[in-house]
Every structure is written in C-alpha cells, then in structure tokens.
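So the chains spell out like this:
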Amino acid sequence: MRLSKAFVPTLKETPSDAAIPSHQLMLRAGLMRQLTAGVYAYLPLGYKAMLKAMQIIREEMDAIGGQEFHLPALNPEALWMQTGRRNVPNFILSVKERDLVLAPTHEEVIAWIGANHIQSYKDLPQIWYQIQTKFRNEPRPRSGVLRGRQFIMKDSYSLDRTWEELDKSYDAHAEAYRNIFSRCGLKFFVVGASSGAMGGTGSQEFMIESPFGEDTVALCDHCGYAANVEVATSAVPSVGRSAESAMPKEIHTPNVKTIDELASFLKTDHRQLAKSRVYLHDGNPVLVLMMGNDQVNESKLIAAVGGGEVFAAGEEKLVELTGADAGSIGPIGFKGRIIADNRLKDSNNLVSGANKNDFHIINIDLKRDAKVENYFDLRQVEDKEPCASCGKEIRVAHAIELGHIFKLGTKYSEALNMRFLDEQGQSHPVVMGSYGIGVERIVACHIEQSHDENGIAWGKALAPYACHLITVNMNSKEAVLHANQIYQK
Ligand code: ATP
Ligand code: MG
C-alpha cells in the first residue's frame, strides 16, 4: 500500500470525549471511528493490527488442538431460556421482532451442538474455538474499544469426560494465553479470579495494570502474589479471644453512628468493634459482622451465601428488620441468618449495636451470645496490608482484563443435555471449560503500554505495517526507480 493511496484519516486534535490514551490515539491515528455509543467501525490500519492479534491467537489455539468454528451471532431466545441466562442483567441485546437474541458468548450454542453430536467417551476431549463478533448490553460503554456493545472475542470451549481432564484443557489454555499475550508484546500478569457461586479455584484472569482499568487487583511486588480483589486475601491478624469474657451490657451511646465515633466514645481501638451490615439474600435478611471498618466484599459475600441475588438493605428495610438505623444494628436479638468475617472468629468482648437507636452492647462473646451460623472470608483487602503468601506489603491497583479462563463444569451440559456414554455405557454430562480473549483489548492495551507524546509506538507483533519505505530524494529518477523495485519485492 502506498501512503498516497491509503485511507488513514488522522486527527490533529484530541477528541474531547476520549479520556484515555488508547481511545484518543486510536481515533487520532485513524484506526477506528465510533458509529454510536459502544459501536466502532475499524478502519484499515486498525483492522490490520487486530488481524495480526487474531492470527497470533489462531496459531496458539491451533497449537493446543483447538478447532475453529464460526457460530451464529443471532440465537433463538429459547436457547437462552434453557440455561436461565436470558435475563442476566446488562447482558443480552435482543431482536424482539423475531424472538432472537444477539449472542454475548456461546456456551449455549456449543452445548447445543455437543448435545446433538457427542455420543460416547470416544468423541472426547474436544477444544472448539472461534474468533467472532459478540454483543453485550453494556450499560455504560466507555474507554473506547475497551468496553463496547459490539466487539470481537476469541472464545473457546473445552469438552471433557472428567474434572481431571478439564484440568488438562484448562492448563493448556493458560499456557496458550501466556504465549498469545507475550507474542503480542504485552506486559501482563495472571490473577486468581472469582468463580462466583460455582466455587472452586477454577478461574484466572489475564490483566495489564492500568489506572484506567475497571478491575481492582491486589499485587505483591515481592513474591508475585496477584489476585482480583473479588477473591484476594491478606495476612491481617484476627481478633481472637481474651481470657475473661464479661457479661453483655447495654450502654447509651448518644449520637454515635460510625465505627470511628464509637472507638473514640469508648476510647478503644477498632479491633473490639464489630460492625453489622444487613443484606437481603433472595429476599431473606442476612446480618454480616465485620471487624471495625473492614469493608464487605460483595463477590465474596455472594459466594459465601451460595449465589443468588444479594442487596444491601435500604434504610426503611433496616428499621423494619431491626428496629434501628444503620449505626445501631447488632447481632444480639437479630432475626435472620448471621454470618461473620473470619477475622472475628469466636472472639469475645466485642461491641456492637443494640438494635435500638443510640445504644450499643459491650462484652459480646460471639460463641456465647450471638447465633453466628458460619465464618467466611468476607473482607476486602486494602492497600499496604501484609501479603498472604510472603508477609511483605501488597499493592491494590487498577487493571484491565485481557482474557479470562474458567472451569465451568457441567452447568450448561446439564441444562442442554450434552451427555456422553462412558466405557461401561453409563451416561454423564460433559465437563466444560470456557475461555475468552478480547481482540480489541489486546490492541488497545498494547497502545496503553506503548505510546509517547508522538503517538503510538507500535511493537513489531501488532504494527499494521512492518516497514515504511521512504524515498528520500524524489527528484532522483534512479532513486524512485530503485524504491519502486524494493516496494514491488
Ligand atoms: P468485564 O469484567 O471487563 O466486563 P467480562 O468478565 O464480562 O469482562 P468475559 O465474559 O469473560 O468478560 O469475556 C471474555 C473477554 O472478552 C474479556 O476478558 C474481555 O477481554 C472481552 N470483553 C468482555 N466484554 C467486553 C466489552 N464490552 N468490550 C470489549 N471487550 C470485552
Ligand atoms: Mg462484562
């Protein structure tokens, strides 16, 4: 391509609605244009960079035995009813006139194909992948192509006989992902991530650190510990028990609403103060006890209660359930489930609300006085806490997710009846894994990591063109002829 013929509509000014470098530079360098919120047209230079990323992905997926599909973006709505995902909030865009939806991911279609064609253990394992357009009903598309309503994803699905075999497919993907992101020239790291209500440790995210990231991660620069805050832990000390356990006593605490106010009122430190937060889990009240100002991490809470809908109770609901406002709630006499953070496990001599405005109860022994059903890790880690692995300081930072690998298990195979017969003729659901990479995110993250005041500093792997041939002296016929010969070659 000659530059004189190339369609590269560059912009001199930084567009006012583009807040982050990759968004600004992808517009200014003529890589893409926004058609409408969260929907982008890729222009030739931008698409070339994306094709290079896709080629790297394809090579690494083929190297682990992946077979490429091209599945339809239009799906029957009924298929998504079968797995219960039709109404996941902010997920699916639909085409109402025809009872169709635009697929946000393809577990359903994969399980539908498998249900029709996988019969025996001899048909397994399989790794099926595609690089294809996805649609999501993102409520706030922003940061350019990092969060679109339409985007290109490499999604793959492993189909195995057992969880042990799934481990192998998962590990192969983890290795392929490392190769893909390294070859793309990205400085990335891998974090343990939440697998939500499905439990287990079977989920990892591949991330780059960025102040513009929407994910929050805990990182240890000393030992390499890295986890999404949804699951991250730290080595903060627990409260423990003191030898004497005095009897509970109600005390008047006028105008004391916060933990800090309570600490200064009682001249004690946060360690003896138990904060109560009330949630509604599928409509039922759950009181969550935390030490001092420790924040409840809602992902951990959802996992602890076993999934479902979890909301913090509003002001009116709090009064209805406890008789008190937020600052005076406590476990004693609370009607509903009580769970507590591990940090408070079996501790005594605690102070908490009395479920009566302006009153607290001192000397609470959780073993003796409160019906704590169970203890879980529920707290959100904070910057500079000691690392759970090595004890040195962790950092809490923002990050952008490039890819996610996930041990799904049998949720979709059961819902769509994808089963196989083993050697003994017994029927089992296929064990699935699912693995995604955002193609736009690879290109945008590369730009985030590699730009300066002059613009994008393309790495060789993703550069739209490998070289730029410049005829220094256009007045010399010989030079022009020579340049043309090199160009033709
Ligand atoms: P996020 O938490 O950022 O919304 P997700 O958990 O919804 O991501 P997955 O469903 O795991 O993402 O999708 C796989 C990959 O697709 C992500 O790792 C990301 O790279 C990419 N991706 C997801 N949503 C978008 C989007 N709206 N725009 C661009 N890429 C996306
Ligand atoms: Mg999402």
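No experiment lies behind these values; they were computed from the predicted model shown.

A. Structural detail: the site of ligand 1. As a matter of local geometry, ligand 1 sits amid 15 residues, with R136, R147, G148, E401 and L402 nearest to it. R136 places a side-chain nitrogen or oxygen 2.8 Å from an oxygen atom of ligand 1. Side-chain polar atom of R441 to an oxygen atom of ligand 1: 3.0 Å apart, as the coordinates give it. Within the complex, the protein chains bury 82% of what would otherwise be the 590 Å² of accessible surface of ligand 1. Elements with a minimum of two residues in the shell around ligand 1: β8 (150–160), β21 (395–409) and β24 (431–438). At four residues, β21 tops the list of elements feeding residues into the shell around ligand 1.

B. Up close: the domain arrangement of the chain. The assigned domain composition of the chain is domain 1 (21–231 + 396–447) and domain 2 (249–376). Distance from the C-alpha centre of domain 1 to the C-alpha centre of domain 2: 38 Å. Tallying the contact residues gives five residues for domain 1 and six residues for domain 2. Summed over both partners, the interface of domain 1 with domain 2 comes to about 380 Å²; 54% of that surface belongs to carbon and sulfur atoms. Across the domain 1-domain 2 interface, the total number found is zero salt bridges.

C. Examining the sheet that holds strand β18 (residues 350–353) more closely. One open sheet holds the three strands; their spatial order is β13-β19-β18, and the pairing between them is antiparallel. Strands with a single pairing partner mark the edges of an open sheet, and in this sheet they are β13 (249–252) and β18. Averaged over all pairs of adjacent strands, the angle between strand axes in this sheet comes to 30°, irrespective of strand direction. In terms of strand pairing, β18 meets strand β19 (residues 359–364) through three bridges, oriented antiparallel.

D. Representation of the pairing of strand β7 (residues 126–135) within the structure. With nine of 10 residues buried, β7 lies mostly within the body of the structure. By the bridge criterion, 10 bridges tie β7 to β8 in an arrangement that is antiparallel. Looking across to β8, one finds that Y129 is bridged to S156.

E. How the structure looks around the sheet that holds strand β14 (residues 274–281). Across the sheet, five strands lie side by side as β16-β14-β15-β17-β20; this open sheet has mixed pairing. Looking along the sheet, the strands with just one partner apiece sit at the ends: β16 (310–312) and β20 (374–376). With strand direction ignored, the average angle separating the axes of adjacent strands in the sheet is 35°. Relative to β20, strand β17 (residues 337–341) is paired through three bridges, and the arrangement is parallel. Bridged to A340 within β20 is Y375.

F. Broad picture of the layout of surface pockets. Approximately 1,100 Å³ is the volume attributed to the second largest pocket. Along the wall of the second largest pocket there are 38 residues; nearest its centre are L3, Y465, C467, H468 and L469. At the level of secondary structure, the elements contributing two or more residues to the lining of the second largest pocket comprise α1 (21–28), β26 (455–456) and α12 (477–488). Top element by residues in the lining of the second largest pocket is α12. It accounts for five residues. Of the residues in the lining of the second largest pocket, the class split is 24 nonpolar, 10 polar and four charged.

G. Summary view of empty space enclosed by the protein. Overall, the coordinates contain one cavity of 30 Å³ or more when judged by the stated rule. Of the voids in this model, the largest cavity is the one considered here, and its volume is about 90 Å³. Lining of the largest cavity is provided by S143, L146, R147, F212, G213, E214, D215, A399, I400, E401 and R441. Residue contributions to the lining of the largest cavity peak at three residues, all from β21. For the lining of the largest cavity, a count of residues per class yields four nonpolar, two polar and five charged.

H. Broad picture of the pairing of strand β11 (residues 215–219). β11 sits mainly inside the fold: four of its five residues count as buried. As defined by bridge partners, β11 adjoins β21 across five bridges and the pair is classed as antiparallel. Following the sheet pairing, D215 is matched in β21 by A399. Alignment of β11 against strand β12 (residues 226–228), held across three bridges, turns out to be antiparallel. Residue pairing for β12: V217 is matched across the bridge by N228. From the end of β11 to the start of β12, which pair antiparallel, there are six residues, and G224 there has a positive phi angle of about 90°.

I. Geometry of the packing of aromatic side chains. A full pass over the atoms with the stated rule returns eight aromatic pairs. Summarising the aromatic geometry, the rings of W80 and F91 are spaced 6.4 Å apart at their centres and angled 75° between planes, so their arrangement reads as edge-to-face. Here the residue W80 occupies a position in helix α3 (residues 77–82), and F91 occupies one in the loop between α3 and β5 (93–95), the gap between them amounting to 11 residues. For W80, a relative accessible area of 0% corresponds to the buried category. With a centroid separation of 5.3 Å and an interplanar angle of 55°, the aromatic rings of Y177 and F206 are classed as tilted. Taken together, the residues Y177 in helix α5 (residues 163–183) and F206 in strand β10 (residues 203–209) connect sequence positions 29 residues apart. With respect to class, Y177 is no different from F206; both count as buried. Through a chain of ring-to-ring contacts, three or more aromatic side chains come together here, namely Y177, F181, F188 and F206. The positively charged end of R2 is found above the aromatic ring belonging to Y487, 4.6 Å away from the centroid.

The rules behind the values
Residues numbered from 1 in each chain as written. Chains lettered and ligands numbered in written order. Predicted model: local features only at pLDDT ≥ 70, side-chain atom pairs only at ≥ 80, totals over all residues. Heavy atoms only, no water. Near = heavy atom within 4 Å. Polar contact = N/O pair within 3.5 Å; in protein donor to acceptor, adjacent residues only side chain to side chain. Areas by Shrake-Rupley, 256 points an atom, 1.4 Å probe, with all protein chains shown as cover. Helix = DSSP H or I, 4+ residues; strand = E, 2+ residues; numbered from the N terminus. Domains from an automatic or database assignment. Contact = heavy atoms within 4.5 Å. Buried area = accessible area lost by both parts, 1.4 Å probe. Salt bridge = Lys/Arg side-chain N within 4 Å of Asp/Glu carboxyl O. Pairing = 2+ DSSP bridges. Axes fitted to C-alpha atoms, helices over the stretch in contact; angles between N-to-C directions. Buried < 20%, exposed > 50% of the residue type's maximum accessible area, 1.4 Å probe, protein only. 1 Å grid on protein atoms, 1.4 Å probe; cavity = no way out; pocket = protein on both sides within 12 Å on 5 of 7 lines; lining within 4 Å. Points joined across faces, edges and corners; volume = space filled by probe spheres on them. Nonpolar A, V, L, I, M, F, W, Y, C, P; charged D, E, K, R; others polar. Phe/Tyr/Trp six-rings, centres within 6.5 Å; stacked < 30°, edge-to-face > 60°. Lys NZ or Arg CZ within 6 Å of the ring centre and 35° of its normal.

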